[in-house]
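Working through the structure, step by step
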Amino acid sequence: MHNKETLIQWLLATVALSAIAVLALIIIFIFKEGSPVIARLGLAKFITGTKWSPTRGMFGILPMILGSVWVTLGALLIGVPMGLATAIFLAEMAPPGASRILKFAIQLLAGIPSVVFGFIGLVILVPFIRQWIGGPGFSVLAAAIVLGIMILPTIVSVCYDVFKAVPEAYREGMLALGATRWQTIKMVVLPAAKSGIIAAVILGMGRAIGETMAVIMVAGNATKIPVSPLEPVRTLTSNIALEMGYAIGEHREALFATGIVLFIIIALLNTLARIVARSEKV
Amino acid sequence: MSEKKNIIINVQGGGSSAGARAVLSEVAEVGMLSRELQGDEKALIPTIIAYDAIAIIVHPLNPSCNLDITEIRSIFAGEITNWSEVGGNARKIHIVAREEGSGTRGAFDEIIMGETEVAPGAIVQDSNGAVREIIAGDPSAIGYLSLGLVDKRVKAMAISGVLPSVDTVTEKTYKLVRPMILATLENPGKETRDFISFCLSEKAREILAREGLVPVAPTAAGRSPKPDHDK
């Protein structure tokens with residue numbers, strides 16, 4: 001009996017460790033494939049170089065780093081206010097029936113594959129921007145809008161849970177003092193949920209920075225640093241996915257090196273989210 | 001050439017460079033390339049089975065219909081930025097290129113761009129279909145793709161007065177042409193030789209023509225005429 005239990009314990013531990021082993025293997029692999037080219041060029045030259053022209057031996061990924069930053073910030077600018085407003089409505093105001101239907105709809109939104117978002121962006125959003133706002137349509141703006149909608153489910157569901165976790169006694173206390181519902185939300189619920197909201201934003205940021213397919217379809221993928229939101233842009237993930245098919249030799253290494261930079265950015269974001277989320281409990 | 005039913009040919013995608021690389025490392029017997037051999041790939045024996053024209057395409061409503069190579073180069077380099085500079089409407093030009101590493105991009109860069117770089121602000125798409133989709137929707141855009149994939153929604157431009165077509169490719173008057181190459185090591189095995197002669201046969205020429213390519217002129221069965229390097 002006791003033996004059997006130990007056996008199962010070991011078995012489960014092995015399975016759990018293998019998940020970590022896969023992560024370790026991925027890290028080792030991308031570093032092994034990507035670091036030689038960084039070592040040859042120098043890290044500074046690789047991440048501050050503004051020219052990406054692999055067939056001419058020029059590997060600067062600053063346009064892509066900035067591309068990822070602009071597109072992600074744009075997505076947050078669109079997604080965070082919308083997500084926050086939706087979560088406040090769902091958690092604090094909506095009648096239970098409406099809340100259930102809306103929550104279901106948002107879960108559905110999370111289940112739509114990214115290529116579908118990209119396709120809708122391509123056939124509706126891009127021509128709309130080209131015709132009514134200007135530029136070629138493929139742009140920072142198009143990518144930011146598509147990503148802003150894609151990160152909504154993450155932001156809404158995390159914020160909703162955080163709002164629900166604010167003790168009912170706080171709200172009752174405020175109401176007893178004669179505060180209106182909006183005053184209660186503004187002065188008690190939002191401040192109490194602050195670190196949870198920040199964690200939601202960082203999780204949404206991670207989702208936006210890692211998204212590839214939808215961005216390739218609407219961003220235009222130019223390797224120039226965009227100076228206006230109407231110009232085409234290439235993100236780090238798009239750079240890898242676009243060129244991996246045909247890349248060989250140093251070009252392939254440089255794409256893995258792009259992956260290293262992306263990996264470090266995402267690892268930093270996740271750590272940050274964790275620290276913020278933990279500080280909430282104290 | 002007889003058609004055999006008992007030979008299995010495994011085909012793997014990945015692009016021209018991958019094709020040449022696979023033969024050089026002896027992973028595959030035959031590599032398919034949609035551009036000339038370059039660098040250390042020149043150790044391979046090329047057999048040209050067909051030619052493909054790359055068409056410069058614009059929106060059907062774009063009144064411009066002829067450019068010379070210098071103008072195309074200046075447009076893709078970002079030096080000419082408005083259609084009015086090449087005799088068209090006063091509209092900003094949106095350049096659409098293929099991603100680095102693609103055979104179409106390689107051939108375009110080699111024949112049109114030479115040492116000049118494609119403007120970094122160019123929109124980049126990773127398939128012929130995506131390029132066509134953009135051009136079909138944007139009256140200011142210019143791009144390029146295989147002639148076989150040009151349809152009614154886009155307009156192929158003439159280069160120095162010559163429109164891309166089977167005739168102009170055969171006559172070599174249309175300049176933006178790339179070879180479709182089967183690359184092998186020296187002294188390939190019997191199956192490989194048979195396969196290559198099949199690709200040069202009448203039957204294969206029909207298939208190639210149906211796909212919008214221009215098969216090489218008929219020769220006696222066997223190896224291709226001397227590797228054709230002129231352009």
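Residues numbered from 1 in each chain as written. Chains lettered and ligands numbered in written order. Predicted model: local features only at pLDDT ≥ 70, side-chain atom pairs only at ≥ 80, totals over all residues.

Across its full length, chain A carries 13 helices and two strands. In terms of its C-alpha atoms, chain A occupies a principal-axis envelope of roughly 70 × 70 × 30 Å. Looking at chain A as a whole, 40% of its 282 residues qualify as buried. Within chain A, contacts between residues separated by at least 24 positions form 74% of all contacts whose residues are at least 6 apart in sequence. (Helix = DSSP H or I, 4+ residues; strand = E, 2+ residues; numbered from the N terminus. Buried ≥ 20, exposed ≤ 12 C-beta atoms within 10 Å, placed from the backbone. Contact = placed C-beta atoms within 7 Å.)

The subject of this paragraph is the overall build of chain B. Per the secondary structure count, chain B includes seven helices and 10 strands. Each of the three principal axes of chain B carries a C-alpha extent, and together these read 60 × 30 × 30 Å. Of the contacts made within chain B by residues no fewer than 6 positions apart, 70% connect residues no fewer than 24 positions apart.

A separate point is the environment of Thr72(A). Residues and elements named next belong to chain A. In this fold, Thr72 is placed in helix H3 (residues 62-93). In the structure, Thr72 is positioned 26 residues away from Ala98 in sequence and 31 Å away in space, judged by C-alpha atoms. Thr72 has contacts with Met205, Ala208 and Ile209, leaving out every residue within four places of it along the chain.

On to the nonpolar core. Residues and elements named next belong to chain A. Membership of the largest hydrophobic core comes to 115 residues, with the highest contact counts inside it found for Ala142, Ala143, Val146 and Val218. Ranked by the residues each element gives to this core, the list is headed by helix H6 (residues 140-150), at 10 residues. Phe46, Phe59, Met64 and Phe256 belong to the second largest nonpolar core, which has 18 residues in total. (Core = buried A, V, L, I, M, F, W, Y, C linked by C-beta atoms within 7 Å.)

Our focus in this paragraph is the environment of Met93(A). Residues and elements named next belong to chain A. Mapped onto the fold, Met93 is located in helix H3. Overall, Met93 belongs to the exposed group, with 12 C-beta atoms counted inside 10 Å. Along the chain, Met93 and Trp182 lie 89 residues apart, while their C-alpha atoms are 9.6 Å from each other.

Bringing the interface of chain B and chain A into the picture now. The parts lose accessible area when they come together, and the size of an interface is often stated as this lost area. Across the contact, 20 residues belong to chain B and 20 residues belong to chain A. Mapped by element, the contributors of at least two residues to the side of chain B that touches chain A are helix H1 (16-24) and strand E5 (123-125) of chain B. The greatest single-element share of the side of chain B that touches chain A, amounting to three residues, is contributed by H1(B). The residue makeup of the side of chain B that touches chain A, split by class, is six nonpolar, eight polar and six charged. (Nonpolar A, V, L, I, M, F, W, Y, C, P; charged D, E, K, R; others polar.)

The next point concerns the pairing of strand E9 (residues 177-184) of chain B. Residue and element names in this part refer to chain B. For E9, a buried count of eight out of eight residues is recorded, marking the element as mostly surrounded by other parts of the structure. Every second residue of E9 is oriented toward a common face, with Val177, Pro179, Ile181 and Ala183 on one face and Arg178, Met180, Leu182 and Thr184 on the other, all of them buried. Bridge analysis of strand E1 (residues 31-33) against E9 gives three bridges, and the strand direction is antiparallel. Among the inter-strand pairings, Gly31 is bridged to a residue of E9, identified as Ala183. Bridge count between strand E2 (residues 45-58) and E9: eight bridges; the pairing is antiparallel. Opposite Ala53, over in E9, you have Val177 as the bridge partner. (Pairing = 2+ DSSP bridges.)

Right, let's talk about the domain arrangement of chain B for a bit. All names here are of chain B. Partitioning chain B into structural domains gives domain 1 (16-52 + 178-220) and domain 2 (53-170). Using only C-alpha atoms to locate each centre, domain 1 and domain 2 end up separated by 27 Å. Counting from both sides, the interface comprises 12 residues of domain 1 and, opposite them, 12 residues of domain 2. Looking at the side of domain 1 that touches domain 2, the elements with two or more residues in it are H1 and E2. (Domains from an automatic or database assignment.)

Another aspect to go through is the confidence of the model for chain A. Here chain A averages 91 in pLDDT, and 99% of its residues register 70 or above. Model confidence for chain A, summarised as mean pLDDT per element, is weakest for helix H13 (residues 249-281) of chain A at 86 and strongest for H6(A) at 96. (pLDDT = per-residue confidence, 0-100.)

Attention shifts here to the confidence of the model for chain B. Residues and elements named next belong to chain B. Taken residue by residue, chain B gives an average pLDDT of 86. The fraction at 70 or more is 92%. Contacts from residues 220-231, a stretch scored under 50 in pLDDT, to residues over four places away or in other chains number 12 contacts. Interface confidence in the predicted complex, given as ipTM, is 0.81; pTM for the same model is 0.84.

Below, the discussion takes up the pairing of strand E4 (residues 94-98) of chain B. Residues and elements named next belong to chain B. The buried fraction of E4 amounts to five of the five residues, a majority that puts the element mostly inside the structure. Burial of E4 is two-sided: the residues His94, Val96 and Arg98 facing one way and the residues Ile95 and Ala97 facing the other way are all buried. Sheet analysis places E4 next to strand E6 (residues 141-146), joined by two bridges and oriented parallel. Its bridge partner being in E6, His94 is matched across the sheet by Ala141.

Here we take up the packing of H3(A) against helix H7 (residues 152-165) of chain A. Residue and element names in this part refer to chain A. Their axes nearest at 8 Å, the elements H3 and H7 cross at an angle of 40°. Classified by the angle their axes make, H3 and H7 are oblique. Crossing hand, H3 versus H7: right-handed. Seen from H3, the contacting residues are Gly79, Val80, Met82, Gly83, Leu84, Thr86, Ala87, Ile88, Leu90, Ala91 and Glu92; seen from H7, they are Leu152, Ile155, Val156, Cys159, Tyr160, Phe163 and Lys164. Considering only residue class, the contact of H3 with H7 consists of 13 nonpolar, three polar and two charged. (Axes fitted to C-alpha atoms, helices over the stretch in contact; angles between N-to-C directions. Parallel < 35°, antiparallel > 145°, perpendicular 65-115°, else oblique. Left-handed = near helix turned anticlockwise from the far one by under 90°.)

Two residues of an α-helix separated by three or four positions point the same way, owing to the 3.6 residues in each turn. Compared with the 22 Å implied by 1.5 Å per residue over 16 residues, the 23 Å span of helix H4 (residues 96-111) of chain A between its first and last C-alpha is a close match. Little of H4(A) is tucked away, with one of its 16 residues classed as buried. (Expected span 1.5 Å × (residues − 1).)

Within the chain, Asn221(A) stands out as a residue other than glycine whose phi angle is a positive 60°. With respect to the helices and strands, the residue Asn221(A) is situated in the loop between helix H11 (213-219) and helix H12 (236-243). The backbone of Lys172(B) shows a phi angle near 65°, a positive value even though the residue is not glycine. In this structure, Lys172(B) sits in the loop between helix H5 (166-170) and E9. On the neighbour-count criterion, Lys172(B) (11 C-beta atoms within 10 Å) is exposed.

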